[in-house]
Amino acid sequence: MKGFSFYAPLRIIFEKGGIEKLAQLTSRNGRRVLLVVGRNHLKKTGQLDKILDIFKRSSKIEEVVLFDRTPQNPDIEAIEDATEEIRKNRLDVVVSVGGGSAMDLAKVASLCAKNNRTVWDLYNDDSLSVLDAFNLVCVPTTSGSGSEVTRYAVFNDNRKKVKIALSSFSIYPKVSLIDPTLTYTMPESVIANTGFDALSHAIEAYTSKSASPITDLYCREAISLIGVNLVGAFKEKREKYMDNMSLAAMFAGMALNVGRASLPHALEHNLSAYNPDLPHGLGLAMVMIPFLKRAVYCNKEKFSDIAYLLGRDISNESLTKAAEMCIDAVGELIDKLNLKKSLKDFGFDRKTIERMVEDNFWTMSHGIQNSPCEFTKQDILNIYLEALEGR
């Protein structure tokens, strides 16, 4: 057994109705709040008014500045705007209530504001992992990104058409408040996209070179929960399915801190960098099957285990056949979630893909290297070309 290290300094509160404690939990970390949310969903459902009222009723909260300009994929412009709000209003705590984009934007803005640096300055700083940030409180409204429990954040540079991942111990949230009831109003497409993102986290962290016995436990539980609950959440939106998906996303996020993502995320980040309107989970669904067709033979034991956890009977199959069954299990899930699309549907062509292959080895080399087996530039090009045709 190889050695491993595990570090996750998190306070997690998983509780239905826990949103009522938001001001109380926030005030322990600061009193002047930047509240980062998405552009529309919380407003449409009336949840934003409820959240603002929770802060208003607290005598310990001095000010709340609302930032509601979070794009689908957080970008430098939005991060700069949020950073300026922190500076000019002299805020001292950042709270994010939203999906992965809102939480990632909040994380990067807290780093930039605390250090008075730009995002690219931070990215190129060798001491990034230990730089300070303003305290963070994260409250997910989707069950997918797991950003509420990770030390990672991603952002787009739309001018360069690249997506960059930042990792720093200072952007672990001081409090991760997971109230599953906030996910009950998710549209079906968001349930599908975010749920597949959580599954991708678990599959990648489970089979990566950085996997460990601790992260394996988180991954297996996440995959099992997703296999049982995601389609039900998508089609029926029953509370028990939604609650379990919130739990699964949390487990997968915890695994990601150490097991880390691999090739599917490395490939997708460049897709949504070139087309910021592409939902992250959908991009993952398009590259996952071509990835699995190549990867299952690199770690047959774990990929066969994934097939089993997703409900396949592998008891009388050879190890190779059982591993291959993982491909069909994930593919069937993609079909049931209406995520079977092609890159052509989103304006990609071969010329664009060839440029992206080069970008992958610049911006996402860590994910490529963390994959269960070696992938060359030709391998990556072939995966993208299969996704281009929707195969």
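All of the points below concern the structure found in this document. What you see is a predicted model; the values in this text were computed from it and never measured. (Residues numbered from 1 in each chain as written. Predicted model: local features only at pLDDT ≥ 70, side-chain atom pairs only at ≥ 80, totals over all residues. Heavy atoms only, no water.)

Brief notes about a positive patch on the surface
Piece 1. Residues Arg11, Arg28, Arg31 and Lys60 make up a contiguous surface patch of positive charge.
Piece 2. For Arg31, the position within the fold is in the loop between α1 (22–27) and β2 (32–38). (Patch = residues over 30% accessible without salt bridge, like charges linked within 9 Å, V, L, I, M, F, W, Y side chains within 5 Å. Areas by Shrake-Rupley, 256 points an atom, 1.4 Å probe, with all protein chains shown as cover. Salt bridge = Lys/Arg side-chain N within 4 Å of Asp/Glu carboxyl O. Lys, Arg positive; Asp, Glu negative; His and termini not counted. Charge placed at Lys NZ, Arg CZ, Asp CG, Glu CD. Helix = DSSP H or I, 4+ residues; strand = E, 2+ residues; numbered from the N terminus.)

Brief notes about the packing of aromatic side chains
The geometry of two aromatic rings is summed up by the distance between their centres and the angle between their planes.
Piece 1. A complete count under the given rule lists nine aromatic pairs for this structure.
Piece 2. Ring geometry for Tyr7 versus Phe169: centroids 5.5 Å apart, planes at 75°, classification edge-to-face. Taken together, the residues Tyr7 in the segment before β1 (12–14) and Phe169 in the loop between β7 (162–167) and β8 (175–178) connect sequence positions 162 residues apart.
Piece 3. Aromatic pair Phe291 and Phe375: ring centres 5.9 Å apart, planes at 35°, arrangement tilted. On the criterion of sequence distance, the pair formed by Phe291 in helix α11 (residues 280–295) and Phe375 in the loop between α15 (365–369) and α16 (377–389) is long-range, its members being 84 residues apart.
Piece 4. Grouping aromatic residues by their ring pairs yields a cluster made of Trp120, Tyr123, Phe155 and Trp362.
Piece 5. Across the ring face of Tyr206, the terminal group of Lys302 is positioned such that the distance to the ring centre comes to 4.6 Å.
Piece 6. When the ring centre of Phe361 is taken as reference, the NZ or CZ atom of Lys377 above it lies at 5.5 Å. (Phe/Tyr/Trp six-rings, centres within 6.5 Å; stacked < 30°, edge-to-face > 60°. Lys NZ or Arg CZ within 6 Å of the ring centre and 35° of its normal.)

A word on the environment of Leu256
Piece 1. Mapped onto the elements, Leu256 comes out in helix α9 (residues 239–259).
Piece 2. When the C-alpha atoms of Leu256 and Val296 are compared, they prove to be 20 Å apart, with 40 residues separating the residues in sequence.
Piece 3. Leu256 has contacts with Tyr152, His201, Ala205 and Ala261, leaving out every residue within four places of it along the chain. (Contact = heavy atoms within 4.5 Å.)

Side note on the sheet that holds strand β5 (residues 135–140)
Piece 1. The parallel open sheet is built from six strands, whose spatial order is β1-β8-β5-β4-β2-β3. Two strands bound the open sheet, and with one partner strand each, they are β1 and β3 (63–70). Strand after strand, the sheet turns through a mean of 15° between neighbouring axes, direction not considered.
Piece 2. Pairing geometry for β1 and β8, over three bridges, is parallel. By the bridge assignment for β8, Ile12 is matched with Ser176.
Piece 3. Along the sheet face, helix α5 (residues 100–115) touches β2, β3, β4 (93–98) and β5 and points at about 170° away from the line of β4. (Pairing = 2+ DSSP bridges. Axes fitted to C-alpha atoms, helices over the stretch in contact; angles between N-to-C directions.)

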